[in-house]
Amino acid sequence: MKQLFLIDKNKGKSRWRLPLIIILLVLVVGCSLWLRTSPFRAGFEITDDLGGNIFPSSILSVATTDAQVIVPADSVYVGNPKGCIAVRLRSTKAYSRVRIEVAETPFYARSVSEFVLAKPRTEYVIYPDIIWNYEVLKNNNQAEPISVAVSVELNGKELGQRVRTFSVRSINECLLGYVTNGTKFHDTGIFFAAYVNEENPMIDQLLREALDTRIVNRFLGYQGGTATAVDKQVYALWNVLQKRNFRYSSVSNTSLSSNVVFSQRVRTFDDALNSSQINCVDGSVLFASLLRAINIEPILVRTPGHMFVGYYTDSGHKDMNFLETTMIGDVDLDDFFPDEQLDSTMVGKTQNQMSRITFDKSKEYANNKYHQNEEGIHSGKLNYMFLEISKDVRRRIQPIGK
């Protein structure tokens, strides 16, 4: 009897085995079909790495270079990431064909791009061609919303149109960094180099004014042979900015509020020159522009909440000096007599003497600041930066102009 009971129990198990196998097969086939057809149900989405923000300064500065400063977070992508705007979709089969049309806006022209996606049933991020209007980007001095409209066709089947609102930031906003996957920070401080503009046409006039002071007879860069000769040229630039009555202005905030991207307001060369106002960043990039124009290699140094400018005093880049450019406006030279009008009966310092005093104090302050923060400056930590505006950097980041 016991043996018969065991046989009956096994028979019960076998009755349930076949239906269970059938159910599992149905689930497997169903999941396979869902994966194959899901792109048509889900369609596509418009995506980007900067939280819906477009920075004209970052687009203009790499437009003619091979630099890829903003690196796509997704490893499986096709197209040119410099375009900033992307489409996310899943391929259906190997070598799926995709056609993407981007509608016109005031900042770029209509474009049509075609791609072949080699891998089957794979999620891709696709960067279509964006035909930017560089002149409009350069003149955008206030954040502007735009509607980005994209139409997609996959293997001859239309997936419809999607629209997403982006914010085109001001040309004066420099992208400091951005966060991907909620935690990983990408430092993009190299974009400060875009505001160093040694090619600005106004530089020739400033150099002429500096020569007229007779502090130096000509700008030789490192050909003078000594650190003293270099320092004298740098002082001539300092002097001419003081005579133009530059004043400190602390305006540095932007209207951007985001936990994805971080930016800093920076005046362009023309903005600073026309307004005669600078903060620590504006003064640093302005002075760096003048230094590069006379073939002295500048350095932008950033510490938490502050920036100052440095320069190499020799062609071998062994020695450096630093300047606190916010001290340019510490004295009003109009309160002192020009050297040529001073006679033996007058008491007090001349304009050039006062200018030289503030120049030396600026060097002393900035050099101390550098040595106090030297470890952090060269550590690569957040909010620290040591950026040489070298030939190598110039091959990656070009001046944005204006």
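The structure presented is a predicted model; accordingly, all values stated were derived computationally and were not measured. (Residues numbered from 1 in each chain as written. Predicted model: local features only at pLDDT ≥ 70, side-chain atom pairs only at ≥ 80, totals over all residues. Heavy atoms only, no water.)

Caption draft 1: Broad picture of the sheet that holds strand E15 (residues 261-265). The three strands lie next to each other as E13-E12-E15, forming an open sheet whose pairing is antiparallel. This sheet does not close on itself; its edge strands, each paired only once, are strand E13 (184-187) and E15. Adjacent strand axes in the sheet meet at a mean angle of 20 degrees when their direction is disregarded. (Pairing = 2+ DSSP bridges. Helix = DSSP H or I, 4+ residues; strand = E, 2+ residues; numbered from the N terminus. Axes fitted to C-alpha atoms, helices over the stretch in contact; angles between N-to-C directions.)

Caption draft 2: Layout of the packing of aromatic side chains. Inspection of every chain in the model, using the stated rule, returns nine aromatic pairs. One aromatic cluster is present, formed by Tyr-235, Trp-238, Phe-287 and Phe-359 through successive ring pairs. The residue whose ring lies beneath Arg-162 is Phe-44, and the NZ or CZ to ring-centre distance is 5.0 Å. (Phe/Tyr/Trp six-rings, centres within 6.5 Å; stacked < 30°, edge-to-face > 60°. Lys NZ or Arg CZ within 6 Å of the ring centre and 35° of its normal.)

Caption draft 3: Structural context of the sheet that holds strand E4 (residues 86-90). As summarised here, the arrangement of the four strands in space is E1-E4-E8-E3, forming an open sheet in which the pairing is mixed. A single partner strand is all that each edge strand has here, and the edge strands are strand E1 (45-47) and strand E3 (77-79). Across this sheet, the average inter-strand angle for adjacent strands is 30 degrees, counted without regard to direction. As judged from the three bridges shared by E3 and strand E8 (residues 123-127), these two strands associate in the parallel manner. Across the sheet, the residue bridging to Tyr-77 is Val-125, located in E8.

Caption draft 4: View of the side chain of Asn-321. Checked against the element boundaries, Asn-321 lands in strand E19 (residues 320-323). We classify Asn-321 as buried; its relative accessible area is 16%. Side-chain polar atoms of Asn-321 contact the side chain of Asp-231, separated by 3.5 Å. (Buried < 20%, exposed > 50% of the residue type's maximum accessible area, 1.4 Å probe, protein only. Polar contact = N/O pair within 3.5 Å; in protein donor to acceptor, adjacent residues only side chain to side chain.)

Nothing here speaks to function; it is all geometry.
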